[in-house]
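# Tertiary structure, described
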Amino acid sequence: MHEYAVTQNMVEIAVREAVAAGSKKILEIRLVIGDLSSIIDESVSMYFDFFSEGTAAQGAKLIFRRMPAKLSCIACGQEYEKPRSGFDCPSCGGEGRLTDAGREFYIESMEVE
Amino acid sequence: MEIKVMKNIMDVNNKVADLNRDYFTEHGITVANVMASPGAGKTSIIMKLMELSKRRFSVIEGDIASSIDAQKIDGMGVHVVQINTNGGCHLDANMIHTVVEGDAGFDNSILFIENVGNLVCPSSFDLGEGLKLVIASVPEGHDKPFKYTSMFEAADVIILNKTDLLPYIDFDRDAFYKGIRTVNPEAKVFEVSCRNGEGLDELVKWIGGV
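One numbering rule holds for all chains: residues counted from 1, following each sequence as written. Just so you know, chain letters begin at A and ligand numbers begin at 1, following the order they were written in. The model is predicted, so local features are restricted to residues of pLDDT at least 70 and side-chain atom pairs to those at 80 or more, both for listing and for counting; the totals for chains, interfaces and linings are taken over all residues. As a rule here, side-chain values cover all heavy atoms of the structure and leave hydrogens and water aside.

Here we come to the overall build of chain A. In this description a helix means any DSSP run of H or I spanning at least four residues, a strand means any run of E spanning at least two, and both kinds are numbered starting from the N terminus. What chain A contains, in helices and strands, is two helices and six strands. The globule rule used here is 2.2 Å times the number of residues to the 0.38 power, and the radius of gyration it is set against is calculated over C-alpha atoms. A globule of 113 residues ought to have a C-alpha radius of gyration of about 13 Å, yet chain A, at 18 Å, is considerably larger. Along the first, second and third principal axes, the C-alpha atoms of chain A reach 55 × 25 × 15 Å. For each residue, the accessible area found with a 1.4 Å probe, counting protein chains only, is set against the maximum for its type, and the residue is called buried under 20%, exposed over 50%, and partly exposed in between. Looking at the 113 residues of chain A, the share that counts as buried comes to 47%.

Below, the structure written as C-alpha cells:
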C-alpha cells in the first residue's frame, strides 16, 4: 500500500550506489522482499517507471526475490512457513511465534554498465 | 558489472527518524505513535488520556485531509499541529521532522502522534518515537492480530477499545489474545471503553509513568 514512498527511496539508494561505483547506467536491480513487508511487486514496478525516469535507473529490470514469513512452534520447536490461515504449527498444532524471516526489504545487488 | 548493495530500503526514512529521536531526547519529549484503523478510537483515547492525566501533552494529527480532530484537541487548550498527507496512507519521519523542529510548544511534553487511520503502512515507518501504541476496537473483530501481523508485532502497547460493545458483538477474546501472543508476546495490553470509562484508570496510571 505504501509502495509509492518506498519505491522513491529505492530509486534514490540505487542511483546513489551506482554513482559511487562510477556507473551512469543501471541495468538490473535485485530486490529481496519479505512477505510481512506488505509490499506488492507489481506496485513497485509501476512506481519505479515513474521515479526512475531521467535517472541512471531508467529502464533497469527489477528482479524480485520473495521471502516467506516463518514461524517457530513453542511446543515442538519446528520452523514452518506461515499457513494461509492462522499461525498454528502444522505438525503438532502448537502455538507459533514469528521469526525474523519474512521482514526483509532491501536491495541485494545491481548490474550496472 | 555487478555491485553488492545490501541496503535496507527503509534506511532513507530511518535516518531521519534517528534525527527526530535525538531531537526528542534533547527537548524532553516522550513520543507515542498512535496507530489504528479508521474509527477505532485514536482521537477519543488521546483526548481521554489528556483529560484524565496530569501530565503535559502535545499532539500531531495526521490525516489524509481535514482538521476535524485537530480542532477538537485545540479546544482543550493543548498544543496541536495538523499534518495533511494529501492522499498519503501514512506519516513518515520527514513529515514529523518538518513540523517538530524549532516548535517549542512540544518541549517537555508527552507527544501523541496520531497516525493516518490504517492498519498496514504506518507500522513500516519509524517516526523516531519511543512508543508504538496500537488501538484495536471490539467491532473490528478478534482476527485483526492475525490479519495485520506487522502492525500488532510492532506495538509496545495494544489497547482494545469499545469493550462496552462486547455483549452485542461476537468478539472472541481468547482468539484475540492468542493472536497477540503469537505476533507479540511482550506487548502490554489494556482493555478500555471511552464511552463508559471502563479500564481508563489503568491506562491513565500507565501514561503517568512513561
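This next bit is on the pairing of strand 6 (residues 131-137) of chain B. All names here are of chain B. Extensive coverage of strand 6 is indicated by the burial of seven of its seven residues. The two faces of strand 6 match: Leu 131, Leu 133, Ile 135 and Ser 137 on one face and Lys 132, Val 134 and Ala 136 on the other face are all buried. Only strands that DSSP links by at least two bridges are regarded as paired with each other. Judged from the five bridges that link them, strand 2 (residues 30-36) and strand 6 form a sheet pairing that is parallel. Residue pairing across strands places Asn 33 opposite Lys 132, the latter belonging to strand 6. Note that strand 6 and strand 7 (residues 157-161) share five bridges and pair parallel. Pairing of Ala 136 across the sheet is with Leu 160, part of strand 7.

By definition, a salt bridge exists where a carboxyl oxygen of Asp or Glu is found within 4 Å of a side-chain nitrogen of Lys or Arg. Applying the stated rule across the entire model yields 20 salt bridges over all chains. Across the pair Glu95(A) and Arg181(B) runs a salt bridge, and its minimum N-O distance is 2.6 Å. Taken together, the positions of Glu95(A) in the loop between strand 4 (79-81) and strand 5 (96-98) and Arg181(B) in helix 7 (residues 173-183) put the pair across two chains. Exposure remark for Glu95(A): the relative accessible area of 17% places this residue in the buried category. With a closest N to O distance of 3.5 Å, Arg103(A) and Asp100(A) form a salt bridge. With relative accessibility at 63%, the residue Asp100(A) sits in the exposed group. Through salt bridges with shared partners, a single network forms among Glu28(A), Arg30(A), Glu111(A) and Glu2(B).

What follows covers the side chain of Thr43(B). Checked against the element boundaries, Thr43(B) lands in helix 2 (residues 42-52). Note on contacts: a residue pair qualifies if any of its non-hydrogen atoms lie within 4.5 Å across the two residues. Not counting residues within four places of it along the chain, the set of residues in contact with Thr43(B) comprises Glu61(B), Asp69(B), Ile73(B) and Glu114(B).

Attention now goes to the packing of helix 1 (residues 11-26) of chain B against helix 4 (residues 93-100) of chain B. All names here are of chain B. Packing of helix 1 against helix 4 brings their axes to within 8 Å, and their N-to-C directions diverge by 35°. In this structure, helix 1 crosses over helix 4, and the sense of that crossing is left-handed. Here Asn 13, Val 16, Ala 17, Leu 19, Asn 20, Tyr 23 and Phe 24 of helix 1 lie close against helix 4, whose contacting residues are Ala 93, Asn 94, Ile 96, His 97 and Val 100. For this scheme, ten residues count as nonpolar: Ala, Val, Leu, Ile, Met, Phe, Trp, Tyr, Cys and Pro. Four count as charged, namely Asp, Glu, Lys and Arg, and the remainder, Gly too, count as polar. Broken down by class, the residue content of the contact of helix 1 with helix 4 amounts to eight nonpolar, four polar and no charged. Fitted lines through C-alpha atoms serve as axes, helices being fitted only where they are in contact, and the angles separating the N-to-C directions of these axes extend from 0 to 180 degrees. The sense of a crossing depends on the near helix, which, turned anticlockwise from the far helix by less than a right angle, makes the crossing left-handed and, turned clockwise, makes it right-handed.

What follows deals with empty space enclosed by the protein. The pocket and cavity definitions rest on a 1 Å grid over protein atoms only: a 1.4 Å probe that fits but cannot leave marks a cavity, an open set with protein on both sides within 12 Å along at least five of seven lines marks a pocket, and residues lining either have an atom within 4 Å of a point. Grid points are joined across faces, edges and corners, and a volume is the space filled by probe spheres set on the points. Under the definition given, this model contains one cavity of 30 Å³ or more. Lining the largest cavity, in full, are Val6(A), Thr7(A), Met10(A), Leu31(A), Ile33(A), Val44(A), Phe105(A) and Ile9(B). In terms of residues, the lining of the largest cavity owes the most to one element, helix 1 (residues 3-20) of chain A, which gives three residues. Looking at side-chain class alone, the lining of the largest cavity contains seven nonpolar, one polar and no charged residues.

Our next topic: helix 4 of chain B. An α-helical turn contains 3.6 residues, so any two residues separated by three or four positions project in the same direction. All names here are of chain B. Within the sequence span of helix 4, burial applies to Ala 93, Ile 96 and Val 100. One face of helix 4 carries all of its buried residues, which in axial projection span an arc of 65°. On its buried face, helix 4 sits against helix 1, strand 3 (57-63), strand 4 (79-84) and strand 5 (110-114). Polar contacts, as counted here, are pairs of nitrogen or oxygen atoms within 3.5 Å of one another; within protein the pair requires one atom able to donate a hydrogen and one able to accept it, and residues that are adjacent in sequence qualify only if both atoms are side-chain atoms. Put simply, Asp 92 is the residue that caps the front of helix 4, since its side-chain oxygen is 3.1 Å from the backbone nitrogen of Asn 94. The positive-phi residue at the C-terminal boundary of helix 4 is Gly 102, with phi of around 85°. In this description, one arc is meant: the one made by directions from the helix axis to the C-beta atoms.

This part is about the nonpolar core. Nonpolar cores were defined as sets of buried Ala, Val, Leu, Ile, Met, Phe, Trp, Tyr and Cys residues, with membership established by side-chain atoms within 4.5 Å. Core analysis: the largest hydrophobic core is formed by 29 residues, its most contacted members being Phe112(B), Ile159(B) and Leu203(B). Those elements giving two or more residues to this core turn out to be strand 2, helix 2, strand 3, helix 3 (68-74), strand 5, strand 6, strand 7 and helix 8 (200-208) of chain B. With five residues, the single largest contributor to this core is helix 8 of chain B. Excluding residues within four positions of it along the chain, Leu203(B) makes contact with Ile45(B), Leu49(B), Ile159(B), Phe190(B) and Val192(B). Judged by nonpolar contacts, the second largest core, of 28 residues, contains Ile26(A), Val44(A), Val112(A) and Val5(B).

Read across the sheet, three strands follow the order 4-3-5 (chain A) without closing on themselves; strand pairing throughout is antiparallel. Looking along the sheet, the strands with just one partner apiece sit at the ends: strand 4 and strand 5 of chain A. Strand-to-strand twist in this sheet, taken as the mean axis angle between neighbours without regard to direction, amounts to 40°. When strand 3 (residues 70-73) of chain A meets strand 4 of chain A, the two strands line up antiparallel, connected through three bridges. Paired with Lys70(A) across the strands is Glu81(A), a residue of strand 4 of chain A. Here helix 7 of chain B sits on the sheet in contact with strand 3 and strand 5 of chain A, set at roughly 50° to strand 5 of chain A.

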